[in-house]
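# Understanding the architecture of this molecule
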Amino acid sequence: MTKATRLIPCSEAVKQLWDYLDHSLSPEDQERVEGHLAFCRKCCGELEFAKELQAFLASNESEEIPPHVKEHLERFVGELGE
Amino acid sequence: MARRLAGEAAEDLVQECLMRAYRSFSTLGDPEAGVGWLRQILVNAHRDRLRKEARSVQEVAVDEVDDFSLYRTIAEEDPFPYSDSVHMDFLHSFAREDVHTVLARLPEIYRSPLVLRYMEGYATKEIARMLDAPLGTILARLHRGRKLFERELWDYAQEAGLLRKGPAG
């Protein structure tokens, strides 16, 4: 952590965890969050959970189209070409 | 993707997308790019639908959700007292349909960036372009969307009795 980096409280670090994981923070904010995580075990737990939540969302991406919807859409595509 | 973006209106959205694709098929130069081209048309159709419904869009106040932490709530409420991985057990108690129900409960303006970022894998700048909104607006909606999603996961788990049943088999 550089001299210019101020310490931030848990409330501020937690608010920025997802943006930290997304690398969408400014370099200064990224460094502040890292500085906080270096000494706060509780926020490291929050960080791990944020990672799990992201993976949880991503793992729910694919799904089957219900058969009746598929049938409607296929009929719709057929009518488009007529 | 349509279902995650539009919930019950997904079929209408796909029909709109197919009509637009049919009309502009000649603009698709490279057939290999067809999937990305269709996805962009789908998001455009969704964005236009949101604009039409803009009057009913509800912004959620930051204060209402900003202080909620799902991680902390699970640790404090300890819904699976005999578990040594209570946070993971909480997530594993959701079936895929449960997740879609939770997403459907979010206001659309928050659901769309969340779905595009974390389920479809688009970068935030790309989402801003797709939804034709400033990057700052998208980042703010992602922040609120994540918080709302966390709170809705907890509320839904309580309402649906998932906390008593434990992880889904």
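No experiment lies behind these values; they were computed from the predicted model shown. (Residues numbered from 1 in each chain as written. Chains lettered and ligands numbered in written order. Predicted model: local features only at pLDDT ≥ 70, side-chain atom pairs only at ≥ 80, totals over all residues.)

### Some points on the overall build of chain B
Summing up its helical and strand segments, chain B has 11 helices and 0 strands in all. Every one of the 169 residues in chain B was classed for burial, and the buried ones make up 33%. Considering only contacts within chain B whose residues lie at least 6 apart along the sequence, 69% involve residues at least 24 apart. (Helix = DSSP H or I, 4+ residues; strand = E, 2+ residues; numbered from the N terminus. Buried ≥ 20, exposed ≤ 12 C-beta atoms within 10 Å, placed from the backbone. Contact = placed C-beta atoms within 7 Å.)

### Notes on the confidence of the model for chain B
Mean pLDDT over chain B works out to 84, with 90% of the residues at or above the 70 mark. Note on the complex model: pTM 0.75, ipTM 0.73. (pLDDT = per-residue confidence, 0-100.)

### What to know about helix α3 (residues 27-37) of chain A
All of the buried residues in α3(A) are Arg32(A), Val33(A) and His36(A). Along the axis of α3(A), the buried positions cluster into a sector of 95 degrees, meaning they face one direction only. (Arc of directions from axis to C-beta.)

### A short note on the interface of chain B and chain A
Opposite the 18 residues of chain B that make contact, chain A presents 20 residues. At the level of elements, α2 (10-23), α6 (86-92), α7 (96-104), α8 (108-119) and α10 (135-159) of chain B are the ones that each hand at least two residues to the side of chain B that touches chain A. Here the side of chain B that touches chain A gets 6 residues from one element, more than from any other, and that element is α2(B).

### A word on the domain arrangement of chain B
All names here are of chain B. Domain assignment breaks chain B into domain 1 (1-56) and domain 2 (60-169). Put simply, the middle of domain 1 and the middle of domain 2, counted by C-alpha atoms, are 24 Å apart. With 10 residues of domain 1 at the contact, the number on the domain 2 side is 12 residues. Those elements that provide at least two residues to the side of domain 1 that touches domain 2 are α1 (2-6) and α3 (34-52). (Domains from an automatic or database assignment.)

### A few points about the packing of helix α5 (residues 67-80) of chain A against α2(B)
The interhelical angle for the contact between α5(A) and α2(B), taken along N-to-C directions, is 25 degrees, at an axis separation of 11 Å. What the angle tells us is that α5(A) and α2(B) run roughly parallel. Once α5(A) is placed against α2(B), the crossing between them reads as right-handed. Taken together, the residues of α2(B) that come into contact with α5(A) (itself represented by Val69(A), His72(A), Leu73(A), Phe76(A), Val77(A) and Leu80(A)) are Glu11(B), Val14(B), Gln15(B), Leu18(B), Met19(B) and Tyr22(B). Grouping the amino acids of the contact of α5(A) with α2(B) by side-chain chemistry returns 9 nonpolar, 2 polar and 1 charged. (Axes fitted to C-alpha atoms, helices over the stretch in contact; angles between N-to-C directions. Parallel < 35°, antiparallel > 145°, perpendicular 65-115°, else oblique. Left-handed = near helix turned anticlockwise from the far one by under 90°. Nonpolar A, V, L, I, M, F, W, Y, C, P; charged D, E, K, R; others polar.)

### Comments concerning the environment of Ala10(B)
Residues and elements named next belong to chain B. Here Ala-10 is to be found in helix α2. Ala-10 sits 36 residues away from His-46 along the chain, and the two C-alpha atoms are 9.3 Å apart. Once residues within four sequence positions are removed from consideration, Ala-10 is found in contact with Ala-2 and Arg-3.

### As for the environment of Ala133(B)
Residues and elements named next belong to chain B. Of note, Ala-133 is situated in the loop between α9 (124-130) and α10. Look at Ala-133 and you get partly exposed, because 18 C-beta atoms sit within 10 Å. Ignoring anything within four residues of it in the chain, the contact list for Ala-133 reads Ala-128 and Ile-138.

### Overview of the packing of α2(B) against α3(B)
Residue and element names in this part refer to chain B. The contact between α2 and α3 brings their axes to 9 Å, and the two run at 120 degrees. Taken together, the axes of α2 and α3 lie oblique to each other. Crossing of α2 against α3: the hand is right-handed. In this structure, α2 contributes Leu-13, Glu-16, Cys-17, Arg-20 and Ala-21 to the contact, and α3 contributes Leu-38, Ile-41, Leu-42, Ala-45, His-46 and Arg-49. Per-class residue counts for the contact of α2 with α3 are 7 nonpolar, 1 polar and 3 charged.

### Considering the nonpolar core
Core analysis: the biggest nonpolar cluster contains 50 residues, and Leu17(A), Ala2(B), Leu13(B) and Leu42(B) have the highest contact counts within it. At 7 residues, α10(B) tops the list of elements feeding residues into this core. Both domain 1 (1-56) and domain 2 (60-169) of chain B contribute no fewer than three residues apiece to this core. (Core = buried A, V, L, I, M, F, W, Y, C linked by C-beta atoms within 7 Å.)

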